[in-house]
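These are the residues of each chain, in order.
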Amino acid sequence: MYNIVFVGAPGAGKGTQASMVARKLNMVHISSGDLFRQALEQGTELGKQAKACMERGVLVPDEITIQMVMERLSAPDCEKGVILDGFPRNLTQAEALDSALSEPGKTIDKVIHIKAAEAELIRRLSARWLCRQCQAVYNMVNSPPKVAGKCDKCGGELYQRPDDKPETVKKRLGVYFAETAPLIDYYRRQGKLSEVAGEGSMEEVTRRIVSALPEEKLVTR
Ligand code: AMP
């Protein structure tokens, strides 16, 4: 079992990289933001509870978020380990995760912090479009789809996240620096943190992340 957490500001490339590394290592990728967006699309009770917070760019209350992620983590496909992206997002969530994984052999093994300059984060978020069907991410400047408005992978419709508008982006960055950034020290103290530069091509960043993971874990997959 090997569990990895991806931490990084909105726009750092956390979701894209978590999905690329998960595919490469044949691991399950769990994105709390994707779970909330799916719940919103499906109009479930969870989606209704999360909607207002997501629109404002603030964190959904911990009880709701922790319960959603713990439920997903208890599914059988997570037994061999997971890549968590967007969770934990504050110390309460990190402690809840640590106590959920307190059984022998279960732990967070590695935390990857993807770093990027603030100006770059804003530039990336304003050019970001997503597939409504498979959540693939496009950047209209650096990596646009082959056909405008359509996903290259599944043909799904592309859309811009409402919380990627400039006012909400500012709010989300503020929330990140105030609430999520302290996790970096939390995991550094536990000796689990690896910092990776988020600049360069997607493939380059993936290579940096994979080389921060212990070799024996990669060979057994
Ligand atoms: P993301 O796709 O990770 O940028 O998340 C989009 C939005 O979902 C965030 O701005 C929050 O409102 C909510 N969200 C995602 N993950 C969490 C989390 N771990 N804790 C609280 N809210 C979250």
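Please refer to the structure placed before this passage.
Since the structure is predicted, the reported quantities are computational estimates derived from the model, not experimental observations.

**Quick word on the nonpolar core**
Ranked by size, the top nonpolar core spans 50 residues in total, and within it F6 and L84 carry the most contacts. Residue contacts for L84: discarding those within four places in its chain leaves I4, V5, F6, I30, V69, L97 and I108. If you look at the next biggest cluster of nonpolar residues, it comprises 5 residues, including C131, A136, C151 and L158.

**Observations regarding the packing of helix α7 (residues 166-180) against helix α8 (residues 182-189)**
α8 packs onto α7 with a crossing angle of 35 degrees between their chain directions and a minimal axis gap of 5 Å. Side by side, α7 and α8 meet where Y176, F177, A178, E179 and T180 of the first sit next to P182, L183 and I184 of the second.

**Quick look at the site of the ligand**
Surveying the vicinity of the ligand reveals 17 residues, the closest of which are S32, R37, V58, G86 and Q93. Between R161 and the ligand, the recorded distance is 3.0 Å, taken from a side-chain N or O atom to an oxygen atom. Side-chain polar atom of R172 to an oxygen atom of the ligand: 3.4 Å apart, as the coordinates give it. Contact with the protein chains removes 96% of the 480 Å² of surface that the ligand exposes when unbound. When residues of the shell around the ligand are traced back to their parent elements, those giving at least two are α2 (32-42) and α3 (45-56).

**Here we look at the pairing of strand β3 (residues 82-85)**
Covered by surrounding structure in β3 are V82 and L84 together with I83 and D85, the residues of both alternating faces. For strand β1 (residues 4-7) and β3, the ladder comprises 3 bridges, and the chain directions are parallel. Bridged to F6 within β3 is D85. Pairing between strand β2 (residues 28-31) and β3: 4 bridges, direction parallel. Each residue of the ladder has a partner; that of S31, found in β3, is D85.

**Focus: the sheet that holds strand β5 (residues 128-131)**
Sheet architecture is open: 3 strands sit in the order β6-β5-β7, paired in antiparallel fashion. Edge positions in the sheet fall to β6 (137-139) and β7 (158-159), since each of these pairs with one other strand and no more. Here β5 runs beside β6; their pairing, made up of 3 bridges, is antiparallel. Paired with W129 across the two strands is Y138, which belongs to β6.

**Observations concerning the pattern of salt bridges**
Inspection of the entire model under this criterion finds 16 salt bridges. One salt bridge connects E157 with R132, and the closest N-O pair in it is separated by 3.2 Å. Taken together, the residues E157 in the loop between β6 and β7 and R132 in the loop between β5 and β6 connect sequence positions 25 residues apart. D185 is the partner of R188 in a salt bridge, and the nearest nitrogen-oxygen pair spans 2.6 Å. Highlighted residues: R188 and D185, both in helix α8, separated by 3 residues, approximately one helical turn. Using a relative accessible area of 41% as the deciding quantity, one classes R188 as partly exposed. It is possible to trace a salt-bridge network through shared partners that takes in R128, R161, D163, D164 and R172.

**Regarding helix α5 (residues 91-100)**
Where α5 is concerned, the buried positions are Q93, A94 and L97. The buried residues of α5 occupy an angular sector of 100 degrees when projected down its axis, which confines them to one face. Among the structural elements, β1, α4 (62-73), β3 and α8 are those in contact with the buried residues of α5. Two or three places before T92, at the start of α5, stands the capping residue N90, its side-chain oxygen 3.3 Å from that residue's backbone nitrogen.

Each value, and the rule that gives it
Residues numbered from 1 in each chain as written. Predicted model: local features only at pLDDT ≥ 70, side-chain atom pairs only at ≥ 80, totals over all residues. Heavy atoms only, no water. Core = buried A, V, L, I, M, F, W, Y, C linked by side-chain atoms within 4.5 Å. Buried < 20%, exposed > 50% of the residue type's maximum accessible area, 1.4 Å probe, protein only. Contact = heavy atoms within 4.5 Å. Axes fitted to C-alpha atoms, helices over the stretch in contact; angles between N-to-C directions. Helix = DSSP H or I, 4+ residues; strand = E, 2+ residues; numbered from the N terminus. Near = heavy atom within 4 Å. Polar contact = N/O pair within 3.5 Å; in protein donor to acceptor, adjacent residues only side chain to side chain. Areas by Shrake-Rupley, 256 points an atom, 1.4 Å probe, with all protein chains shown as cover. Pairing = 2+ DSSP bridges. Salt bridge = Lys/Arg side-chain N within 4 Å of Asp/Glu carboxyl O. Arc of directions from axis to C-beta.

Taken by themselves, the reported measurements are silent on function.
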